[in-house]
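Each chain, written out:
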Amino acid sequence: MDSEPGTSGRLVVDRHARYICTFAKAVDTLEFYLTEHFRLSGVYWGVTALALLGHLHNLDGEGIVKWVLSCQNADGGFGGSPRHDSHILYTLSAVQILVLYDKLELVDADQVASYISKLQQSNGSFIGDSWGEVDTRFSYVALCCCWLLDRLDRLNVRKAAQYVASCRNFDGGFGCTPGNESHAGQVFVCVAALHIADSLDLLDADLLCWLSERQTAGGGLNGRPEKLPDVCYSWWCLSALSILGRLHWIDQTALQDFILSCQDEDDGGISDRPEDMVDVFHTFFGIAGLCLMGHPGLKAVDPTFALPLEDGFAANFLNENE
C-alpha cells in the first residue's frame, strides 16, 4: 500500500526508493548497456541514496558486494564494470560501497593503495588511469580512497595539497588544472581534498562566497555564471560550504523547494530541472543535498566522504576515524 498520499511539496521517500530498486533490476534495457562503462559509480549513487533514505535493505547487499569485487583488476584498481580497465574514479566508488556494506576487509588495502600511489605525478597531481588525464577530481579521489583504506601515508599528501591549491583562481574557485575556469564541482573536490589533507589553510574560505552566487532566482544552484540551475549542484556547492561552515550563505528553503520541484511524484526519481527525465545520478545528489540541509526523514551525510553519518557501519567507520 502506498504510504505517500498527497505528495505535493514534500519528498516522496518510498517512491524514490522504489525507483532506484526498479532501475537497479532493469538489466534488459538500452540504458543498462549504454552505461556499462561507468556502472560501478552508478551502483554507488543508487545504494548510497537508498542508505540516506533509510532503505538500503531493499537491495541484495551480498550480491552487490560480489559484483563490486568482480570489477577489480590485477593492478589493484577497479573498472566501471567487470573486464573494464581500472580507473581511479571507479576505484573510489568500489571502496565507498564496501565501506557502506562493512566489507572493506574483502580487498587488499595495500594493493589498492599501491595502484593509487602510482598515479601520483611529480608535481603532486594525479592521473585517472594509464592514459594520463590530469584533473583535480582525481586528487580528491586519491586522498579520499586512501583515507578510507587507512593508507594515506602511501601518498605525498603535502605535495597533493599544494597542487590542488595551485588550481585556485582569482575568484576563489578552482578549476580542473591550473588556469582553468572555476567550476562548482571542482570547488567541492578541491575543498574536500584539502580537508582530508588537513590543508584548508591553503584556501580563502570567505573568497569562496563565489559559491553563494551560484544560487539562481528559482532557488536552484548552477555550476558556473550564466548557466542553468541543476540539482546536482545542490551537492557540489553545499558540501564545500558545509566543510567550510558557510551553509548559511545559501537560501536553503528556496533550494529545497527547487529540489522537490524536480521530483517525479508518481514514479519516483529526481531530475536535473523540473519536468526533465529523472535519473539515478540526480536522484542521489538531490537527496544528498537535502541531507546536508537537515531535511526531515533523511539520514545525515558526511560532506567530505559522501557517506551516511548515522546508522550502520559507514557511520560508525567515519565517526571512529575522524
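Residues numbered from 1 in each chain as written. Predicted model: local features only at pLDDT ≥ 70, side-chain atom pairs only at ≥ 80, totals over all residues. Heavy atoms only, no water.

1. Focus on unusual backbone geometry
Threshold: Each helix is a run of DSSP H or I of at least 4 residues and each strand a run of E of at least 2, with the numbering of both proceeding from the N terminus.
Positioned with a positive phi, Asp 102 is a non-glycine residue whose angle comes to about 60°. Locating Asp 102 in the fold gives a position in the loop between helix H5 (88-100) and helix H6 (109-117). Backbone geometry at Asp 150 places phi at a positive 60°, although glycine is not the residue there. Its place among the elements puts Asp 150 in the loop between helix H7 (136-148) and helix H8 (157-165).

2. Some words on the environment of Leu 238
The condition is simple: Exposed residues in this analysis have more than 50% of their type's maximum accessible area, buried residues have under 20%, and partly exposed residues fall in between, with area computed by a 1.4 Å probe over protein chains only.
Within the element layout of this structure, Leu 238 appears in helix H10 (residues 233-243). Residue Leu 238 is classed as buried on the basis of its relative accessible area, which comes to 0%. In the structure, Leu 238 is positioned 65 residues away from Pro 303 in sequence and 8.1 Å away in space, judged by C-alpha atoms.

3. As for the confidence of the model for the chain
Rules: How sure the predictor is of each residue is captured by pLDDT, a score from 0 to 100. In this description, contact between two residues means that some pair of their heavy atoms is separated by no more than 4.5 Å.
Looking at the chain, the pLDDT average stands at 93 and 94% of residues meet or exceed 70. Residue range residues 1-7 is modelled with pLDDT below 50. Its contacts to residues more than four positions away, or to other chains, number 14 contacts.

4. Comments concerning the packing of aromatic side chains
For clarity, the threshold we go by: Only rings of Phe, Tyr and Trp enter the pairing, Trp through its six-membered ring, and a pair is recorded when the two centres are within 6.5 Å. The plane angle decides the type: under 30 degrees is stacked, over 60 is edge-to-face, the rest tilted. In this scheme, the term charge over a ring applies when either NZ of a lysine or CZ of an arginine sits within 6 Å of the ring centre and within 35 degrees of the ring normal.
With the rule as written, the count across this model stands at 10 aromatic pairs. Between Phe 281 and Phe 285, the aromatic rings sit 4.7 Å apart at their centres with planes inclined by 65°, giving edge-to-face as the arrangement. Highlighted residues: Phe 281 and Phe 285, both in helix H12 (residues 280-292), separated by 4 residues, approximately one helical turn. A residue is classified by how much of its surface remains accessible, and Phe 281, at 24% relative accessible area, is partly exposed. A connected cluster of aromatic rings, assembled from ring pairs, spans Tyr 44, Trp 45, Tyr 140, Phe 188, Trp 235, Trp 236, Phe 281, Phe 284 and Phe 285. The ring centre of Trp 210 lies 4.6 Å from the NZ or CZ of Arg 214, which sits over that ring.

5. Here's the deal with the packing of H7 against H8
This is how the line gets drawn: A fitted line through C-alpha atoms represents every axis, and for helices the fit uses only the stretch in contact; the resulting angles, taken between N-to-C directions, go from 0 to 180 degrees. Working definition: roughly parallel below 35 degrees, roughly antiparallel above 145 degrees, roughly perpendicular at 65 to 115 degrees, and oblique for all remaining angles. Should the near helix be turned anticlockwise from the far one by less than a right angle, the crossing is termed left-handed; should it be turned clockwise, right-handed.
It is at 10 Å that the axes of H7 and H8 come closest, and there the two elements cross at 150°. Accordingly, the angle class assigned to the pair H7 and H8 is roughly antiparallel. Between H7 and H8 lies a crossing whose hand is left-handed. Every residue of H8 that contacts H7 at Thr 136, Ser 139 and Leu 143 is listed here: Val 157, Ala 160, Tyr 163 and Val 164.

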